[in-house]
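# Structure assessment
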Amino acid sequence: MHVVVSKKELLKILAHCQGVADKKSTMPVLGNVLLTAGKDSLKLSATDLYLAVLGDVPAKVEESGSVAVGAKDLFDRVKMMPDAMLSISTDGAQTTIRAQGSARRYTLNGLFGEEFPALPKADEGAPKMSLEISALRDLINSTHFSISTDETRLHLNSALFEWEGSHVRMVTTDGHRLSKRETSVSGDGNAKMLIPLKGVLELRRLCDEARADGDDALVTIQQSGPNAFFAMSGFQFSVKLVDAQFPPYDQVIPSTTARSIRAPRAAVADALRAVSIAASDRTGGVKLTLSNNTMRFSSESPESGDGFDEVPVEYDEEELTIGFNARYFLDVLSAFTDEHLVLGVSGELDPATITPGNNTDAENYLAVIMPMRI
Amino acid sequence: MPQRWILHADMDAFYASVEQRERPELKGKPVIVGGASARGVVSAASYEARKFGVHSAMPGFRARQLCPEGVFLPGNMELYGEVSRAIRKVFEEFTPEIEPLALDEAFLDITGSAKLFGGPVALGEQLRDRVREATQLTVSAGIAPSKLVAKIACTFSKPDGLHWVQPDEVESFLRGLPIRRLWGVGPVLGEKLTAIGIQTLGDLARTPQAHLAVIVGEDRAADLQRLARGDDSRAVSVSRAPKSYGEENTFPSDVTELLDVTNALTTHAEAVARRMRHDNYRGRTITLKAKLGRRTGRRTPRVSGEQGDPVYPLVSRSRTLQVATSDGPTIRDVALALWREAKIGEPVRLLGVSVSKLERRDAEQLDLFGARNQTDALGDAMDAITDRYGKGAISRAVDGVEKATQSNSIKRGDK
């Protein structure tokens, strides 16, 4: 194999491959990225058997062929190359990278391309759904933080992605809080899948990059067999879906709350951040008290003292105090940009809701947080 | 600043003495607690047994070789705990600043109270009298300006004595002692130091720091030399918050069957969870510890000429949960998952479960789906029953682990 490619374009795809390749696997081949030279492009792919990513770089192909080389090693070396055209050539499985106009050169001991496992492929007939990349990005950005990081609870360690007609929805919960974001799309579709946290985070990176490129095009989504396939801006990404039952989330979303309080989002976030640093060790518990047109925040730690702040709001009913994990609250406040938030509360042990202040946004986004007994 | 005085109190052959107190017919006989099972280790030996060379942490079979006529007892931790609390009450008559190190051992800061009792030594003697009165057991005491020296002094007072080291005697007291007497100098470091000619604390203090730094690093070298000179300003820390809760056991014979592993991990997880609930803690990091059955070597013996303790490979795996727990089945499930992931595949001698990264339980995050709040209530209810009717009054049926049992029996049948 012998190809000439641009360093910049190669690095962009390599970065994702490197993120997906599994360096610690018991199958050492999974730590590699597979390079395949076709007609006028170089394909790069990597997989950890759960996620797989495949990208295309335009290339001048002198000789076609394939080779697998250590993903991290290749990434580190390409990064060190001057910004120029790079030549990648193989002698057997030994792979040499040179930069045009420079004496810098690396040789890597690779594996023959055939040793690399085949990536999953969508069935020809699997229906294709199209969604704006920016819409997928918003779905993920406003919900990913409430995915559980506990890998022993698979059904919570993933995001529910639902598509019904012209409605697309993402719901996540870690058992203590829940985020739900919906959006209307022009396309039509029908799907229900549980995307594991690792897959969600990789998708988020791909969306962010597509955006950084100014590429606000479409992502094509296919569900086929145990996998979901996402194609966008030169990348094909697949993820093995979680085969588990997502909790019955509709049942824990309160249909109404006894009180709803409108509050300035930025001021509340600022006060919460300030008060939370004085909260007890790792629990991060902050008390929120509503009375006399103020929303007061207080925290205390037996070791270090206490903290206090308040924000004016419209509230003249009886005093109510609820404890919250400040981080849960702050995550939600960074998930939308409205000037106001609406906090829905009932009792000190009942689930609270947070929605954006603007009515149309409020239909699209909802967060539920369970209180903390402080 | 007034002269600082630290008292290190250490009960004499504590477990064995408690046993002799409870059963007067054992007085004067070599009593050995622990090591009764084929492979347990000795946790205490009476002075009569020590004459035969038996000491704590010695493997049981070795103790039986040395002292065949010894009275081997399984030990009664509940009773020892009770006596320990009584001793603690006596200590509290002398100072509120107490740092317990074990059931039978504590540091007392008597800087402030020594005067009230007529000076440090007078206080020490009154304390020893009061312990004897209250428990019919003897305690030895070391009194010195620092924790380090007090602890070492205490070993010179045993049994049933008191050793006092004054500030101007500290250096000469330490100078001739072997380096292994210093905290933090274990067999490995000890050997390295001996290899470069450092035998005593005096040698250690005299060695240029740069020479030492080659072996232990600069920071550590400075620390060690400070300690070797008796310069130890560590305070008696009164309320030591726990860092972890753990339970472990050595099996009578090595185990390989998943069922045995499951049973042991279940028992440990429940015990750890119960202790955490009792103290109002939850923890996020769960650690599985396994000691493998095959021996890889021997430790340097404490007494030259004796056989050193055997060394077994240790496997340890941890996982940190997102939310702290004090729920037995949760801890068990993680421990079992860690066991599966460790793929040990060979006989195991010891299994342990511990929980760290602790949080107070009083700030409690409520659950959206209600599951965890119920498990908490269940744990509390089980604790209430145990408190009232004693250990074993209620235990969990082996839920959720039937599968493990089944696959186990299929494997057996296959053979």
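Residues numbered from 1 in each chain as written. Chains lettered and ligands numbered in written order. Predicted model: local features only at pLDDT ≥ 70, side-chain atom pairs only at ≥ 80, totals over all residues. Heavy atoms only, no water.

### Thoughts on the pattern of salt bridges
Side chains that differ in charge, positive against negative, can pair when their charged atoms come close. Residues and elements named next belong to chain A. Throughout the structure, instances matching the rule amount to 42 salt bridges over all chains. For Asp138, the salt bridge identified is with Arg137, shortest N-O distance 3.7 Å. Looking at Arg137, the relative accessible area reads 15%, which means it is buried. Put simply, Arg169 and Glu164 hold a salt bridge, and the shortest N to O gap is 3.5 Å. For Glu164, a relative accessible area of 42% puts it in the partly exposed group. Residues joined by salt bridges that share partners form a network here, namely Glu162, Glu164, Arg169, Glu182 and Lys192. (Salt bridge = Lys/Arg side-chain N within 4 Å of Asp/Glu carboxyl O. Buried < 20%, exposed > 50% of the residue type's maximum accessible area, 1.4 Å probe, protein only.)

### Points about the pairing of strand E6 (residues 105–109) of chain B
All names here are of chain B. Counting buried residues in E6 gives 5 out of 5 residues, a clear majority hidden from the surface. The two faces of E6 match: Glu105, Phe107 and Asp109 on one face and Ala106 and Leu108 on the other face are all buried. Note that strand E1 (residues 6–11) and E6 share 5 bridges and pair antiparallel. Its bridge partner being in E6, His8 is matched across the sheet by Phe107. (Helix = DSSP H or I, 4+ residues; strand = E, 2+ residues; numbered from the N terminus. Pairing = 2+ DSSP bridges.)

### Let's talk about the interface of chain A and chain B
Taken together, the 25 residues of chain A in the interface contact 16 residues of chain B. Where chain A touches chain B, the interface holds 0 salt bridges. Counting residues per element, the ones that place at least two in the side of chain A that touches chain B are strand E13 (177–196) and strand E25 (372–373) of chain A. For the side of chain A that touches chain B, the per-class residue count stands at 12 nonpolar, 8 polar and 5 charged. One ladder, built from 2 bridges, connects E25(A) with strand E15 (residues 364–365) of chain B; its direction is antiparallel. Paired with A:Arg373 across the strands is B:Glu364, a residue of E15(B). (Contact = heavy atoms within 4.5 Å. Nonpolar A, V, L, I, M, F, W, Y, C, P; charged D, E, K, R; others polar.)

### Some details on the environment of B:Leu7
All names here are of chain B. Mapped onto the fold, Leu7 is located in strand E1. Counting along the chain gives 146 residues from Leu7 to Ala153, while the straight-line C-alpha distance between them is 9.5 Å. Residue contacts for Leu7: discarding those within four places in its chain leaves Ala106, Phe107, Leu108, Ile110, Leu123, Gly124, Ala141, Gly142 and Ile143.

### Some remarks on a nonpolar patch on the surface
All names here are of chain A. On the surface, Met27, Leu49 and Tyr50 cluster together into a nonpolar patch covering about 310 Å² of accessible area. Along the chain, Tyr50 falls in the loop between strand E3 (41–47) and strand E4 (51–58). Given the relative accessible area of 51%, Tyr50 is considered exposed. (Patch = residues over 30% accessible without salt bridge, like charges linked within 9 Å, V, L, I, M, F, W, Y side chains within 5 Å. Areas by Shrake-Rupley, 256 points an atom, 1.4 Å probe, with all protein chains shown as cover.)

### Description of unusual backbone geometry
All names here are of chain B. The omega torsion across Lys158 and Pro159 is -10 degrees, close enough to zero to call that bond cis. Residue position: Pro159 is located in the loop between helix H6 (147–157) and strand E8 (162–164). Phi at Asp160 is positive, roughly 50 degrees, even though this residue is not glycine. With respect to the secondary-structure elements, Asp160 resides in the loop between H6 and E8. Phi at Lys357 takes a positive value of approximately 55 degrees, unusual for a residue other than glycine. Summarising the element assignment, Lys357 is placed in strand E14 (residues 348–360).

### Considerations on the nonpolar core
One recurring pattern in soluble globular proteins: nonpolar side chains tend to sit buried together. Residue and element names in this part refer to chain A. Within the largest apolar cluster, 63 residues are counted, with the highest numbers of intra-cluster contacts made by Leu35, Leu42, Leu44, Leu131, Leu136, Phe161 and Phe230. Counting the residues that make up this core, at least three belong to each of domain 1 (2–115) and domain 2 (128–250). Filtering out sequence-adjacent residues up to four positions away, Phe161 remains in contact with Leu131, Leu136, Leu139, Val168, Arg169, Met170, Ala191, Lys192, Met193, Ile195 and Ile221. Residues Ile261, Leu288, Phe329 and Ile354 belong to the second largest nonpolar core, which totals 35 residues. (Core = buried A, V, L, I, M, F, W, Y, C linked by side-chain atoms within 4.5 Å. Domains from an automatic or database assignment.)

### Thoughts on the sheet that holds strand E1 (residues 2–6) of chain A
All names here are of chain A. Sheet architecture is open: 5 strands sit in the order E5-E1-E7-E8-E9, paired in antiparallel fashion. At either margin of the open sheet sits one strand with a lone partner, and together these are strand E5 (60–63) and strand E9 (105–109). Ignoring strand direction, the axes of neighbouring strands in this sheet form an average angle of 20 degrees. Examined bridge by bridge, E1 and strand E7 (residues 85–91) share 5 bridges and lie antiparallel to one another. (Axes fitted to C-alpha atoms, helices over the stretch in contact; angles between N-to-C directions.)

### Examining the side chain of A:Thr96
Residues and elements named next belong to chain A. Summarising the element assignment, Thr96 is placed in strand E8 (residues 94–99). Side-chain polar atoms of Thr96 contact the side chain of Thr107, separated by 3.4 Å. Beyond its immediate stretch of four places on either side in the chain, Thr96 contacts Ser87, Ile88, Ser89, Arg105, Tyr106 and Thr107. (Polar contact = N/O pair within 3.5 Å; in protein donor to acceptor, adjacent residues only side chain to side chain.)

### Looking at the sheet that holds E1(B)
All names here are of chain B. Pairing is mixed across the open sheet formed by 5 strands, whose spatial order is E5-E6-E1-E7-E8. Of all the strands in the sheet, the pair left with one neighbour each is strand E5 (98–102) and E8. Ignoring strand direction, the axes of neighbouring strands in this sheet form an average angle of 15 degrees. For strand E7 (residues 139–144) and E8, the ladder comprises 3 bridges, and the chain directions are parallel. The residue of E8 that forms the bridge with Ala141 is Leu162.

### Overview of the environment of B:Val131
Residue and element names in this part refer to chain B. Along the polypeptide, Val131 turns up in helix H5 (residues 120–135). Given the relative accessible area of 0%, Val131 is considered buried. Here the alpha-carbon distance between Val131 and Ile87, two residues 44 residues apart in the chain, equals 6.3 Å. Contacts of Val131, omitting those with residues within four sequence positions, involve Met11, Val90, Phe91, Gln136, Leu137 and Val139.

### A few points about the packing of helix H1 (residues 7–20) of chain A against helix H4 (residues 197–212) of chain A
Residue and element names in this part refer to chain A. Relative to each other, H1 and H4 sit at 170 degrees, their axes nearing to 11 Å. For the element pair H1 / H4, the angle class is roughly antiparallel. Touching Lys12, His16 and Val20 of H1 are Glu202, Arg205, Leu206 and Glu209, all from H4. Its residues assigned to classes, the contact of H1 with H4 comprises 2 nonpolar, 1 polar and 4 charged. (Parallel < 35°, antiparallel > 145°, perpendicular 65-115°, else oblique.)

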